[in-house]
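# Breakdown of the fold
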Amino acid sequence: MTRLWYLIGLLLIVSGLVHLGVLVLDGGPWDGPVSWRKPFTFGVSFGLSVLSLTWVSQFIRLRRRNVLLGVFAVASVVEVALISVQAWRGVPSHFNMSTDVDSLIARTLAAGGFTLIAIAIFMTISAFRPSHPDTGEPPSTDPGGSLIVQLAGSVGGRLAGSPSMRLAVQAGLGTFLAAMAFGGIMIARGVVEAMTGSQQLAYTVAGSLKPAHAILMHGVLLLPALAWLLSRTHPSEQTRLRVVRLAIWTYITVSAIVSALALFDITIVSPSTASVLCAGAISGLAIGALALGTYLPHIRRRRSVTPR
C-alpha cells in the first residue's frame, strides 16, 4: 500500500503543476478566491504532505498505519479535486454558499480539513509516546522497504529510530499539527463569516493566516530529512542531536515571527504570495536535504574506489 500512497502524492503534485501551467497560459488573478493559484498550491502542498507523512510514518509504530495514510490520502484527493472543479467552474471553492452545489462543496472541504486535523493529532500523539524498552528491536533510520514492512505490522504508537530522528519526527509532526490548527482556525473563521452573510470578509479573515499555515506545513518533511541527511554523513549521534536541536529552534523562531506578522495582519507581500514563498522555501530545503542524503554516499564510494 505504501507505493499507492506515494503514487497518490506524486499525482497530486502533478495536478498542481498542471494548474500552474494553466495559470501561466490562461492568466487571470494570482490573489483572490477565484484563481488558478488555488489548485496549484493545494495540489503541490497536499501532494507533499501525503509523501511526507507516508515517509515519516515509517519511523512511528502505528497500529493502523495504512488506514490512517489511506484516509489522509483520500481526504487530500477530495480536497484538491473539489478545489480544482471550482476553479474550472470559475467560482470560489471555500465559504461559497451561493448555490446548493457550492454550499455542499464548501461544507465537504471544511469537513475534509477537520478530518486531516484529526489524523495529524493521532499521529503526533503516537510520535510522543515513549519507546518500549523491552521490544528487543534495534533502532534504525533506514527509510527503505524493509522498515515499512516491520512497522506496518507493529502495535502501538512507539517511535522507532535514533534519538536525533525521533526528535526530528516529533518536532516535525508538532509543527505539522500547528499548521493544521491554523488551518482549522482559518476554516472556522471563514465559515462563521460566510454563514452570517459576509462571504467576502470570510476570504479576508481566513486568508490573513495563510503564511502561518504555510510555513509550518512542511516541517514534517524538513526536520526528518535533515536528521536522515546527518545519518548518511556519519557524524556522531551527539553531533546529530545538536544540529537537529539547532534546526528545530531556528525553524520554530522563524515560524513564530511569520505567524506573529500574520496574526497582526502585517504584510510585505500578499498573504497568498507569502504562503507560497514560505512553503516553497521549507519544502525546497527538505528536498535538497533528501537529495544530498541520497547522492553523497554514492559520491564518496566512487571517490574511495577511484585509483590515484
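Scroll up for the structure.
## Digging into the overall build of the protein chain
- In terms of regular secondary structure, the protein chain is built from 11 helices and zero strands.
- Secondary structure elements of the protein chain occur, N-terminal to C-terminal, as α-α-α-α-α-α-α-α-α-α-α.
- In the protein chain, buried positions account for 49% of the 308 residues.
- Looking at the protein chain alone, contacts between residues at least 24 apart form 79% of all its contacts between residues at least 6 apart.
- Here the protein chain displays about 14,700 Å² of accessible surface, and carbon together with sulfur accounts for 69% of that area.

## Digging into the packing of aromatic side chains
- This model, assessed by the stated rule, comprises five aromatic pairs.
- On the numbers, 4.7 Å between centres and 70 degrees between planes, the contact of Trp36 with Trp88 is edge-to-face. With Trp36 in the loop between α1 (2–26) and α2 (37–56) and Trp88 in helix α3 (residues 65–89), the pair connects residues that are 52 residues apart, well separated along the chain.
- For Trp88, a relative accessible area of 58% gives the class exposed.
- Ring centres 6.4 Å apart and planes at 80 degrees place the aromatic pair Trp55 and Trp228 in the edge-to-face group. Residue Trp55 is located in helix α2, and its partner Trp228 is located in helix α9 (residues 219–233); the two are separated by 173 residues in the primary sequence.

## Focus: α9
- Along its 15 residues, α9 runs 21 Å from first to last C-alpha, staying within 8% of the 21 Å computed at 1.5 Å per residue.
- The element α9 is extensively covered by neighbouring structure, given that 12 of its 15 residues are classed as buried.
- Buried within α9 we find Gly219, Val220, Leu221, Leu222, Leu223, Pro224, Ala225, Ala227, Trp228, Leu229, Leu230 and Ser231.
- A positive phi of about 65 degrees marks His234, the residue just after α9.

## Observations regarding the nonpolar core
- Counting 61 residues, the largest nonpolar core has Leu53, Met123, Leu173 and Phe176 as its most contacted members.
- Per element, the largest residue contribution to this core is 11 residues, and it comes from helix α6 (residues 163–195).
- Among residues more than four places away in sequence, those in contact with Leu173 are Leu53, Ile60, Met123, Thr124, Ala127 and Val220.
- Ranked by size, the runner-up nonpolar core spans five residues in total, among them Ile13, Phe40, Val44 and Leu48.

## Structural notes on the layout of surface pockets
- Each pocket or cavity is described by its volume, and for the largest pocket that value is around 1,000 Å³.
- Examining the composition of the lining of the largest pocket, we find that nine residues originate from one element, α2, more than from any other.

Rules used throughout
The residue count restarts for each chain, going from 1 along the sequence in the order it is written. Totals for whole chains, interfaces and linings use all residues, but because this is a predicted model, local features are given only for residues with pLDDT of at least 70 and pairs of side-chain atoms are given and counted only at 80 or more. Working from all heavy atoms in the structure, the side-chain values ignore hydrogens and water. By definition, any uninterrupted DSSP run of H or I lasting at least four residues is a helix, any uninterrupted run of E lasting at least two residues is a strand, and each is numbered from the N terminus. Throughout this description, buried means an accessible area under 20% of the type-specific maximum (1.4 Å probe, protein chains only), exposed means over 50%, and partly exposed covers the range between. Residue contacts are defined here by distance: any two heavy atoms, one from each residue, within 4.5 Å place the two residues in contact. Surface exposure here means Shrake-Rupley accessible area, sampled with a 1.4 Å probe, where a residue is shielded only by the protein chains that are shown. A pair of aromatic rings is counted whenever rings of Phe, Tyr or Trp (Trp by its six-membered ring) have centres within 6.5 Å, and the orientation is called stacked for planes under 30 degrees apart, edge-to-face for over 60 and tilted otherwise. Given a helix with a known number of residues, its expected span is that number minus one, times 1.5 Å. We define the nonpolar core as a collection of buried residues of types Ala, Val, Leu, Ile, Met, Phe, Trp, Tyr and Cys that are connected through side-chain atoms lying within 4.5 Å of one another. Grid points spaced at 1 Å and placed over the protein atoms alone form the basis of the search, with a cavity being a set where a 1.4 Å probe fits but cannot get out and a pocket an open set showing protein on both sides within 12 Å along at least five of seven lines. Lining residues have an atom within 4 Å of a point. Grid points are joined across faces, edges and corners, and a volume is the space filled by probe spheres set on the points.

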